[in-house]
Amino acid sequence: MKIRTRFAPSPTGFMHVGNLRTALYEYLTAKHEDGTFVLRIEDTDQERYVEGATDVIYNTLKTAGLTHDEGPDIGGDFGPYVQSERLNMYKPYAEQLVKECKAYYCFCTKERLDELRASAKEGEVIGYDRHCRCLPQSEIDEKLAAGIPYVIRQMAPLEGESTYHDCVYGDITIKNEELDDQVLIKADGFPTYNFANVIDDHTMGITHVVRGSEYLSSTPKYNALYDAFGWEIPTYIHLPLIMGKSVDENGETVVSKLSKRHGSTGFFDLVNEGYLPEAIMNYIALLGWSPAGEFENREIFKMEELIKAFDINGISKSPSVFDYDKLEWVNAEYIKAMSSEEFLAHAKPYYDDIGVDAGCYELLEEILKPRITRFTQITEKLEFLKELEDYDIALFEHKKSKSTLETSKDALEAAIPLLAECDWTREAITEVLTGLAAAKEVKNALIMWPVRIAAAGVAVTPGGCAEVLILLGKDEAIRRLNIGLEKITKG
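Since we're looking at a predicted model, the values are computed, not measured.

Description of the overall build of the chain
A count of helices and strands for the chain gives 19 helices and 12 strands. By the compact-globule yardstick of 23 Å for 491 residues, the chain is too spread out, its C-alpha radius of gyration being 32 Å. Within the chain, buried positions represent 48% of all 491 residues. Of the contacts made within the chain by residues no fewer than 6 positions apart, 73% connect residues no fewer than 24 positions apart.

Considerations on the domain arrangement of the chain
According to the domain assignment, the chain contains domain 1 (86–239), domain 2 (242–336), domain 3 (338–381) and domain 4 (386–490). The C-alpha-based centres of domain 1 and domain 3 are spaced at 56 Å.

Describing the sheet that holds strand E3 (residues 103–106)
In spatial order, the strands read E3-E4-E7; together these 3 strands make up an open sheet with antiparallel pairing. Unpaired on one side and paired on the other, E3 and strand E7 (183–185) mark the two borders of the sheet. Recorded for the sheet is a direction-independent mean angle of 40 degrees between the axes of neighbouring strands. Examined bridge by bridge, strand E4 (residues 151–154) and E7 share 2 bridges and lie antiparallel to one another. Counterpart to Arg153 in the pairing with E7 is Val183.

Some remarks on the pattern of salt bridges
Side-chain pairs of opposite charge can arise where the charged atoms are in close proximity. Evaluation of the coordinates by the stated rule reveals 30 salt bridges. Residues Glu299 and Lys326 are paired through a salt bridge, measuring 2.5 Å at the closest nitrogen-oxygen approach. Taken together, the positions of Glu299 in the loop between helix H9 (277–285) and helix H10 (303–309) and Lys326 in helix H11 (residues 324–336) put the pair 27 residues apart, joining distant regions of the chain. Overall, Lys326 belongs to the partly exposed group, its relative accessible area being 29%.

Section: the layout of surface pockets
Approximately 390 Å³ is the volume found for the second largest pocket. Surrounding the second largest pocket, 19 residues form its lining, Glu278, Phe301, Lys302, Met303 and Tyr334 being those nearest its centre. Counting residues per element, the ones that place at least two in the lining of the second largest pocket are helix H2 (53–64), H9, H10, H11 and helix H12 (340–354). Residues that form the lining of the second largest pocket fall into these classes: 10 nonpolar, 4 polar and 5 charged.

Some thoughts on the nonpolar core
Grouped together as the largest cluster of nonpolar side chains are 144 residues, with contacts concentrated most on Leu66, Tyr351, Leu382 and Leu419. With 8 residues, the top contributor of residues to this core is helix H1 (residues 17–32). The residues touching Leu382, leaving out its near neighbours within four places in the chain, are Tyr351, Ile354, Val356, Leu364, Leu368 and Pro462.

Quick notes on empty space enclosed by the protein
By the definition in use, this model includes 2 cavities of 30 Å³ or more. Approximately 40 Å³ is the volume attributed to the largest cavity. Lining of the largest cavity is provided by Ser10, Pro11, Thr12, Glu42, Asp43, Asp45, Arg48 and Tyr49. Considered class by class, the residues forming the lining of the largest cavity number 2 nonpolar, 2 polar and 4 charged. One number sums up the size of the second largest cavity: a volume of about 30 Å³. Around the second largest cavity, the lining residues are Asn197, Val198, Asp201, Val209, Arg211, Tyr222, Tyr226, Pro234 and Tyr236. Counting only elements with at least two residues in the lining of the second largest cavity, the list comes to helix H6 (193–203), strand E8 (208–212) and helix H7 (219–229). Looking at which element gives the most residues to the lining of the second largest cavity, the answer is H6, with 3 residues.

Focus: the side chain of Arg452
By the element assignment, Arg452 lies in helix H17 (residues 444–456). A polar contact is formed between the side chain of Arg452 and the side chain of Thr461, at a distance of 2.9 Å. Contact partners of Arg452, with chain neighbours within four places excluded, come to Gly457, Ala459, Val460, Thr461, Gly463, Gly464, Cys465 and Val468.

Remarks on the packing of aromatic side chains
Throughout the structure, instances matching the rule amount to 18 aromatic pairs. Its guanidinium or amino end placed over the ring of Tyr128, Arg153 lies 3.8 Å from that ring's centre, counting from NZ or CZ. Lying over the aromatic face of Phe301, Arg298 brings its terminal NZ or CZ to 4.7 Å of the ring centre.

Structural notes on the pairing of strand E1 (residues 4–7)
Covered by surrounding structure in E1 are Arg4 and Arg6 together with Thr5 and Phe7, the residues of both alternating faces. In this structure, E1 lies alongside strand E2 (residues 36–39), joined through 4 bridges in parallel fashion. The residue of E2 that forms the bridge with Thr5 is Phe37. Of the crossover connections in this fold, the one passing from E1 over H1 to the parallel E2 is right-handed.

Notes on the side chain of Arg374
Of note, Arg374 is situated in the loop between helix H13 (361–368) and helix H14 (377–381). Engagement of the side chain of Arg374 in a polar contact is seen with the side chain of Glu328, the distance being 3.1 Å. Those residues in contact with Arg374 that lie beyond four places of it in its chain are Glu273, Gly274, Tyr275, Glu328, Asn331 and Ile335.

Reading the values: the criteria
- Residues numbered from 1 in each chain as written.
- Predicted model: local features only at pLDDT ≥ 70, side-chain atom pairs only at ≥ 80, totals over all residues.
- Heavy atoms only, no water.
- Helix = DSSP H or I, 4+ residues; strand = E, 2+ residues; numbered from the N terminus.
- Rg over C-alpha atoms; globule rule 2.2 N^0.38 Å.
- Buried < 20%, exposed > 50% of the residue type's maximum accessible area, 1.4 Å probe, protein only.
- Contact = heavy atoms within 4.5 Å.
- Domains from an automatic or database assignment.
- Pairing = 2+ DSSP bridges.
- Axes fitted to C-alpha atoms, helices over the stretch in contact; angles between N-to-C directions.
- Salt bridge = Lys/Arg side-chain N within 4 Å of Asp/Glu carboxyl O.
- 1 Å grid on protein atoms, 1.4 Å probe; cavity = no way out; pocket = protein on both sides within 12 Å on 5 of 7 lines; lining within 4 Å.
- Points joined across faces, edges and corners; volume = space filled by probe spheres on them.
- Nonpolar A, V, L, I, M, F, W, Y, C, P; charged D, E, K, R; others polar.
- Core = buried A, V, L, I, M, F, W, Y, C linked by side-chain atoms within 4.5 Å.
- Polar contact = N/O pair within 3.5 Å; in protein donor to acceptor, adjacent residues only side chain to side chain.
- Phe/Tyr/Trp six-rings, centres within 6.5 Å; stacked < 30°, edge-to-face > 60°.
- Lys NZ or Arg CZ within 6 Å of the ring centre and 35° of its normal.
- Right-handed = clockwise from strand over helix to strand, strands pointing away.

And the structure:
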């Protein structure tokens with residue numbers, strides 16, 4: 001049978017990297033075997049529904065490069081693909097189980113259930129006490145005729161054990177007495193998440209279910225439903241947790257489940273911070289999975305390479321830690337590998353904001369490509385080009401180059417007239433400044449440090465002295481050098 005996986009997010013307006021990794025692994029599981037990747041929107045929980053959130057899901061998948069084969073926007077043979085459009089199909093399945101004595105009507109009120117929970121001792125978890133499980137049929141008929149509200153609960157097995165196999169965690173066994181008589185249909189007629197999930201997966205022909213390891217303990221509930229209907233249980237692939245690192249008040253590193261307190265955890269939040277979608281997906285793929293064979297020890301993958309390399313046997317049981325430094329490194333590798341056209345396409349909005357001359361694009365690519373890890377850093381690195389901010393003349397003093405205010409003054413006085421007369425190329429500028437250093441019998445840094453400080457007004461620039469002068473243009477550069485000389489002279 002052809003593999004069919006599904007990504008079934010709830011439209012809550014936010015795509016956490018954990019959800020996105022699940023979508024990616026579902027996509028890779030299907031595509032590695034030339035299977036089908038299905039998008040299903042699970043919107044029956046109206047309390048969590050956020051207007052416009054479905055568009056966020058579409059945009060995220062498109063931007064992330066995860067193209068679904070079937071879904072609400074493109075259709076397919078197993079629709080509808082929006083859960084709220086499938087509501088008329090769930091209750092008949094539940095009623096079928098009632099008729100087969102595998103489920104029952106429960107008329108317990110909210111007050112009774114609250115009292116049941118309140119009777120629990122501290123730390124004790126009390127499930128439903130199955131009060132309505134064995135009601136006489138005459139009483140059931142009487143309550144139904146009277147219009148008393150009810151839910152439909154499954155009759156969970158009471159004895160023995162249930163075992164299922166997971167591709168990552170192996171065989172999982174639980175005692176059936178631990179299973180609750182879960183609600184299938186709520187009092188408002190809506191299905192519960194678990195019930196709708198099973199019905200949808202079966203009727204859509206889903207063969208492989210990929211989800212977080214937090215569902216390991218509840219999977220027997222799903223399997224009990226498959227068994228009750230006599231349906232084939234899908235292949236399960238449960239994924240390890242994604243953790244985040246933080247530092248506590250004692251300065252100790254603490255690892256806990258990834259959340260917003262660790263930094264941006266939403267896909268578009270990361271994109272807005274300057275991370276490339278392809279780099280994000282590349283990094284997320286390695287959070288819990290390791291390539292093998294010809295791809296072993298590789299860390300940079302294009303999507304088509306991930307599809308070829310992906311094997312569920314490479315998924316780890318151990319939680320993975322979201323490392324922003326590693327994501328930064330992956331992003332930098334993608335930037336370095338870009339063609340000139342790709343680099344300019346990403347960088348140009350920042351160039352335009354700063355007002356960079358088009359003639360400097362090639363130079364900027366040369367000096368920025370090895371130095372930036374995100375394109376958003378361009379603004380900060382080139383901020384000095386916008387205008388010369390007031391700066392402290394102490395910047396001219398530099399221990400390593402042995403630069404002082406006096407040597408800086410001498411260097412600028414000598415360099416300005418020479419630069420004003422030279423051709424405005426890197427080669428010519430460098431020749432003038434190194435020639436000046438040779439004539440004065442000093443190291444190049446003693447000349448170039450004060451020139452660069454006067455030109456940029458900052459200690460750190462994304463290029464050397466000649467590059468800074470070229471980026472500024474001759475007129476602006478000479479103007480700034482004169483300002484620097486004046487600042488030093490005035491003290």
